[in-house]
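Spelled out, the chains give:
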Amino acid sequence: MASVYIPVQNSEEEVRVALDQLPRDASDILDILKAEQAPLDLWLIIAREYFKQGKLEQFRQILEEGSSPEIDEYYADVRYERIAILNALGAYYSYLGKIETKQREKEEHFILATQFYNKASRIDIHEPSTWVGKGQLLLAKGEVDQAFNAFKIVLDGDRDNVPSLLGQACVEFNRGQYSDSLELYKRALQVNPNCPAAVRLGIGLCRYKMGQFEKAWQAFQRVLQLDPENVEALVALAILDLHTNAAAGIRKGMEKMQRAFELYPYCVMALNYLANHFFYTGQHFLVEQLTETALAVTNHGPTKSHSYYNLARSYHSKGDYDKAGVYYMASVKEISKPQEFIFPYYGLGQVQLKMGDLKSSLSNFEKVLEIYPDNCETLKALGHIYVQLGQTGKALEFMRKATKIDPNDAQAFLDLGELLISSDAVAAQDCLKTARNLLKKGGQEVPIDVLNNLGVLHFERGEFELAQQTFREALGDGIWVAFIDGKEKAPSIDDDASIFQYKDMQIFHQLEKEGHLVELPWNKVTTLFNLARLLEQLHNTETASIFYRLILFKYPDYVDAYLRLAGLAKARNNLQLSIELVNDALKVNNKSPNALLMLGDLELKNDDWVKAKETFRAASEATEGKDSYATLSLGNWNYFAAIRNEKRNPKLEATHLEKSKELYTKVLAQHSANLYAANGAGVVFAEKGHFDVSKDIFTQVQEAASGNIFVQMPDVWINLAHVYFAQGNFPLAVKMYQNCLRKFFNNTDSQILLYIARTHYEAEQWQDCKKTLMRAIHLAPSNYTFRFDAGVVMQKFSASTLQKPKKSVDEVRSTVAELENAVRLFRQLSAASSLHFHGFDEKKIDTHVEYCSHLLEAARVHLTAAEHEEQKVRQKQELARQMAIAEEARRKAEEQRKFQLERRMQEDELKRVRQQEEHFERIKEQWKSSTSGSKRRPSDMDDEDGGHSEKRRRKGGKKRKKDKYSRSRYETEEAEAEQMDYQEAPEIEDANTNYRESPGHMNEQDDEENAQNPLEAAFGIEDSDVEDEVAPAGRRRRAWSESDDDDEQQERQPESSPRRENSADVQSDGGEGGDKPNGDLDDED
């Protein structure tokens, strides 16, 4: 048992004080210490023991007395103990300020601590323990940089000061410099290996923050080895076990947390983690107790934030949104930055969204998104908020981002599909299909509402088969399957009772008697109703009526089923039964707007205007003027009231039109996309003559209504055509009428045909008008108005034709035929009964008959004149035709003659070339067969030369004549040339006879001369005439110049040479002087 001994002054005795038996009143021990003037270290020992025993007041009392001025004065020479007492008081008040929750008291404690440390510094400014205490104080105040400087002062003097190393490690840890903090902890451990286990706890925390979980686990284990009851180490190891997310790890972690709680029931970390565990197990009362205890024992902001968050989650899960919001807000307030702990912001946003505080919720979710930009749940929440705020574009952006981040999130695709239904049906359909496939792939059941919405989208796009399959998939098995497959049919009823079949429920009682299960779960009612609507669209009204009655059989208060049955009865023109069914619906809900509006429409069709107006007003009052259809119906009523009578009251008409315009505008103000209100407004503007405005409105309505199966608006097409007609744009009006007739009425509506006929009539297109009226008569043969209009058109056509200044016989004949038909048609109408019922009287008919008869007589006169004029025109045309035929024949004959002449000339040219080639070959053969002769005498050469020269001159003259003659004498020239060729042969033979001395030589020369001309002509080297004269002369000149035997021979050569040269010159000059060769040829002949 520890004790301290206080020496008695002026004696050797000592007062023994047992530390475990210290008096409750510290004044007793203080009296002893003062009386005996005990050393100050004993004061410190006793004060520390009071602190360990939790007697903080006694601890403070002793230390404050030990630091009083009297003690300072008495122990002025004792410095260390006085500094130790002051530092102990500074540390005590630092601790109080650290745990204090109230800011004012916190600051007071920190001020006192600062005073004590400053007083200690005045005793010895270099005392390390004082600077360490100041550093701890600054850390508690959050002044991390100044704390670092305080610890640095100590370490500069003693780098191995363990308290300073530990303090600086804490500074680095708070700064987030975990590696530097770890090095400082290691250094402290190296300086003092026997330091407390808590030092290793700091090492483990640094390892944990650095992500080195294995080494952190080892450090915490070492702490437990050194101190098995270290609560912080147990909590840290428990957290590591929980982070494994394995069942065994979670179990071990919770066991460690429970042990830490048993060792120290006020460990806030253990309390928070245990509360979190019990939240997931559903033990909310334990959650509340643990978190309340944690909040009572801690003042640490982040820790309190976790405690408040656990408490808020508990109330949130129980549906107590008010308390949950309060505690979420408290958790948020304990956090300086959202990055520290973001979960309470998310929970607060959820609660605010549930409570309708959209802006606050949006702000909190945006803070979450800043920290976690790829969090799908936050993106979906923001999408829902923006939908409620009316910002559909941003909502779509967040939803699409969520689907891209997590393509396997079926809920994200469902939310996106629901959002796209109103704007992009195709994309919505794709999203819902993707969601359905993901749910099926994950083995989850596809919700009925998802399949129902998908079926409706197929229905709207006209994909009726897919819609039916989807609705059947949503409905599953039931009695409806037998009716769809045709296995069950409605019992046959007689004709008298058939009009009441829509109210018959006997079929279902009969099925129950037969043992069939007639059940309809409430969550399938809407899908079955939609399936019946689809069957209506497929014209299977019998099965559709059975399904509507099945709904009413199981749920008699389903108003929409009554209204659909009333619609089926109305489609069969059974207005009375339709009204009864609507009244049945009103019995269920007498303020049903849809039922009242349908009743008003039926009363309007019965021409009960007063009741209809009252019903429409009742429908509007039932919705407090918010139902746009009720307001629209009142607008229609006012418009029909303005135009219903033929004799209109201008003032009343203007009043009704203005009222209808006001009502239509009111509907558009509420719902700018209401097509029917816009169409009504356009009609009012057209009635007032504002055609440009009405045309723009009708065009926009037409574009908006296109492509939607549920919006069939032929009226807007007709109205737009009416506007074109009123503006005189008849082609566009006709085109618009025809498009409407084809698109909506399958070309079978006689009224629209009448509109088309009227347009053709105004455009004076009489034949088109007549054809259109004939189509209308075929569709409605009992409508005599069409016949009368056809007669008027025939009359107008005939009159306009006869007024033309120039008209053909066919036109006049057509006019006569039309007039005869018109007279016949008017007489037929005159003989018909009930003329007044058809809108015309007998006198009017007789007037048309007389007028047409008069036109018919005039037309016959015009026909006679036209036929006579046509006869003359035909004769002139026949004469002109014959002349044209003759001219064409002459032209063809001339072309044929020219063609034959050219072909003949080509044939002759080819023939001449072939003959020359044959002649050349023949001469060539003779030349080869002849042998070489002896050398001639000069006299023989002279005679032979003279004779041949004369022959060549004659031949040369003939060729020049050939060149001069025209192409028309081509054949004659050819004949003469051939004759001269044949005459050369005997002359050559005579020459050979006279000059027998050298026959071979002369034959060789003649062969060369005769062969040269056809050879060169055949190959077309030069002009044939020049070649015939120049080439032989050149050969002879060479022969004579080489011979020296005879002088006479040299004298004869110049006599013949000039003549040949002149001949060549004449030939080269283009035929000048060619008369002499021709004359020589004539003399020779």
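Residues take numbers from 1 onward in each chain, read along the sequence in its written order. Totals for whole chains, interfaces and linings use all residues, but because this is a predicted model, local features are given only for residues with pLDDT of at least 70 and pairs of side-chain atoms are given and counted only at 80 or more. In computing side-chain values, all of the structure's heavy atoms are included and hydrogens and water are not.

### Focus on the overall build of the protein
To keep things clear, this is the line we draw: Think of it this way: any DSSP run of H or I at least four residues long counts as a helix, any run of E at least two long counts as a strand, and we number them from the N terminus. The cut-offs for exposure are 20% and 50% of the maximum accessible area for each residue type, with area from a 1.4 Å probe on protein chains only; residues under the lower value are buried, those over the upper are exposed, and the others partly exposed. The contact rule is simple, with two residues in contact once any of their heavy atoms fall within 4.5 Å. Here the open area of atoms and residues is found with the Shrake-Rupley method and a 1.4 Å probe, where only the protein chains shown may cover a residue.
For the protein, the helix and strand inventory stands at 53 helices and 2 strands. The proportion of buried residues among the 1085 residues of the protein is 44%. For the protein, long-range pairs separated by at least 24 residues make up 54% of all intrachain contacts whose partners lie at least 6 apart in sequence. In the structure as shown, the protein presents an accessible area of about 59700 Å², 49% of it carried by carbon and sulfur atoms.

### Section: unusual backbone geometry
Of note, Asp607 is a non-glycine position whose phi angle comes to about 65 degrees, a positive value. Mapped onto the secondary structure, Asp607 falls in the loop between helix 34 (593–605) and helix 35 (609–622). The backbone of Glu764 sits at a positive phi, close to 60 degrees, despite the residue not being glycine. By secondary structure assignment, the location of Glu764 is in the loop between helix 42 (750–762) and helix 43 (766–779).

### Focus on the side chain of Thr772
Mapped onto the secondary structure, Thr772 falls in helix 43. In this structure, Thr772 is in contact with Leu753, Ile756, Ala757 and His760, ignoring residues within four places of it in sequence.

### Quick look at the pattern of salt bridges
The condition that has to hold: One speaks of a salt bridge when a side-chain nitrogen belonging to Lys or Arg is within 4 Å of a carboxyl oxygen belonging to Asp or Glu.
The tally for this structure, following the rule as stated, stands at 31 salt bridges. Here Asp608 ties to Lys611 by a salt bridge, and the two come within 4.0 Å at their closest N and O atoms. Classification of Asp608 as partly exposed rests on a relative accessible area of 27%. For Lys770, the salt bridge goes to Glu818, with nearest N and O atoms at 2.7 Å. Taken as a pair, Lys770 in helix 43 and Glu818 in helix 45 (residues 809–831) lie far apart in primary sequence, 48 residues in all. Note on accessibility: Lys770 and Glu818 belong to one class, buried. Because the salt bridges share partners, they merge into one network encompassing Glu57, Arg60 and Glu64.

### A short note on the environment of Leu19
Locating Leu19 in the fold gives a position in the loop between strand 2 (14–18) and helix 1 (26–35). Classification of Leu19 as buried rests on a relative accessible area of 9%. In the structure, Leu19 is positioned 17 residues away from Ala2 in sequence and 5.9 Å away in space, judged by C-alpha atoms.

### Some points on the confidence of the model for the protein
Regions with low pLDDT should not have their predicted coordinates read in detail. We count it as follows: What pLDDT expresses is the predictor's confidence in each residue, scored from 0 to 100.
Averaged over the protein, the pLDDT score is 80; the fraction of residues at 70 or greater is 82%. In the model, residues 492–499 has pLDDT below 50 throughout and makes 4 contacts with residues more than four positions away in sequence or in other chains. For the stretch residues 932–1085, pLDDT sits under 50, and the model shows 157 contacts to residues farther than four places along the chain or on other chains.

### Let's talk about the nonpolar core
Heads up, the rule is: Within this scheme, the nonpolar core is defined by two criteria: the residues are buried Ala, Val, Leu, Ile, Met, Phe, Trp, Tyr or Cys, and they are joined through side-chain atoms within 4.5 Å.
Within the largest apolar cluster, 60 residues are counted, with the highest numbers of intra-cluster contacts made by Trp480, Phe508, Leu528, Leu531, Phe547, Tyr548 and Val582. In this structure Phe547 touches Trp480, Phe483, Ile484, Leu528, Leu531, Ala532 and Leu535, once residues within four positions along its chain are discounted.

### Quick word on helix 11 (residues 197–209)
What counts is decided by this rule: Given a helix with a known number of residues, its expected span is that number minus one, times 1.5 Å.
Here helix 11 is 13 residues long and its end C-alpha atoms lie 19 Å apart, about the 18 Å a rise of 1.5 Å per residue gives. For helix 11, the complete set of buried residues consists of Ala197, Val199, Arg200, Leu201, Gly202, Ile203, Gly204, Cys206 and Arg207. Where the residues of helix 11 are buried, they touch helix 9 (162–175), helix 10 (178–191), helix 12 (213–226) and helix 13 (231–242).

### A few points about the packing of helix 11 against helix 12
Rule in force here: Every angle, taken between N-to-C directions, lies between 0 and 180 degrees, and every axis is a line fitted to C-alpha atoms, over only the stretch in contact when it is a helix. Note on terminology: angles under 35 degrees are roughly parallel, angles over 145 are roughly antiparallel, angles of 65 to 115 are roughly perpendicular, and the others are oblique. By definition, turning the near helix anticlockwise from the far helix through less than a right angle yields a left-handed crossing, and turning it clockwise yields a right-handed one. When residue character is reported, Ala, Val, Leu, Ile, Met, Phe, Trp, Tyr, Cys and Pro are called nonpolar, Asp, Glu, Lys and Arg charged, and the others, Gly included, polar.
With their axes 8 Å apart at the nearest point, helix 11 and helix 12 run at an angle of 165 degrees to one another. The angle between helix 11 and helix 12 falls in the class roughly antiparallel. The element helix 11 and its partner helix 12 pack so that their crossing is left-handed. Facing Ala197, Arg200, Leu201, Ile203, Gly204, Leu205, Arg207 and Tyr208 of helix 11, the residues of helix 12 in contact are Phe213, Lys215, Ala216, Ala219, Phe220, Arg222, Val223 and Leu226. The residue makeup of the contact of helix 11 with helix 12, split by class, is 11 nonpolar, 1 polar and 4 charged.

### What to know about the packing of aromatic side chains
Condition: A pair of aromatic rings is counted whenever rings of Phe, Tyr or Trp (Trp by its six-membered ring) have centres within 6.5 Å, and the orientation is called stacked for planes under 30 degrees apart, edge-to-face for over 60 and tilted otherwise. Only when the NZ of Lys or the CZ of Arg is both within 6 Å of the ring centre and within 35 degrees of the ring normal is a charge said to sit over the ring.
Per the stated rule, a full pass over the model turns up 27 aromatic pairs. Taking the centre distance of 5.1 Å and the plane angle of 70 degrees together, the rings of Phe173 and Tyr178 count as edge-to-face. When its relative accessible area of 22% is taken as the criterion, Phe173 is described as partly exposed. With a centroid separation of 5.7 Å and an interplanar angle of 90 degrees, the aromatic rings of Phe341 and Phe343 are classed as edge-to-face. By relative accessible area, which is 9% here, Phe341 ends up buried. Counting every residue linked through ring pairs, the aromatic cluster contains Phe51, Phe59, Tyr92, Tyr93 and Phe116. Seen from the ring of Phe744, Lys743 lies directly overhead, with NZ or CZ sitting 5.6 Å from the centre. Between the NZ or CZ atom of Arg758 and the centre of the ring of Phe725, over which it lies, the distance is 4.1 Å.

### Remarks on the pairing of strand 2
Going by this rule: Any two strands with at least two DSSP bridges between them are considered paired.
Two elements, strand 1 (residues 3–7) and strand 2, share 5 bridges in a ladder whose sense is antiparallel. Bridging from a neighbouring strand, Pro7 pairs with Glu14 of strand 2. Linking two consecutive strands that pair antiparallel, namely strand 1 and strand 2, is a turn of 6 residues; a positive phi of about 60 degrees is found at Asn10 within it.

### Here's the deal with the packing of helix 7 (residues 128–141) against helix 9
Relative orientation of the contacting elements helix 7 and helix 9 amounts to 20 degrees, with a least axis distance of 10 Å. Regarding the angle of helix 7 to helix 9, the classification is roughly parallel. Here helix 7 and helix 9 pass one another in a crossing that is left-handed. Counted together, Val132, Gln136 and Leu139 of helix 7 and Pro163, Ser164, Gly167, Cys170, Val171 and Asn174 of helix 9 form the full contact between these two elements. Its residues placed into classes, the contact of helix 7 with helix 9 shows 5 nonpolar, 4 polar and no charged.

### Overview of a negative patch on the surface
The criterion, for reference: Patch membership requires over 30% relative accessible area and the absence of a salt bridge. Like charges are linked within 9 Å, and nonpolar side chains (Val, Leu, Ile, Met, Phe, Trp, Tyr) within 5 Å. Asp and Glu are treated as the negative residues and Lys and Arg as the positive ones, with His and the ends of the chain left uncounted. To locate a charge, take NZ of a lysine, CZ of an arginine, CG of an aspartate or CD of a glutamate.
Together, Glu917, Glu918, Glu921 and Glu925 make up a region of like negative charge exposed at the surface. The residue Glu925 is located in helix 47 (residues 842–929) in this model.

### Quick notes on a nonpolar patch on the surface
Side chains of Leu263, Tyr264, Tyr266 and Val297 sit close together on the surface and give an oily, nonpolar patch of about 360 Å² of accessible area. With respect to the helices and strands, the residue Leu263 is situated in helix 14 (residues 247–263). Judged by relative accessible area, which is 34%, Leu263 ranks as partly exposed.

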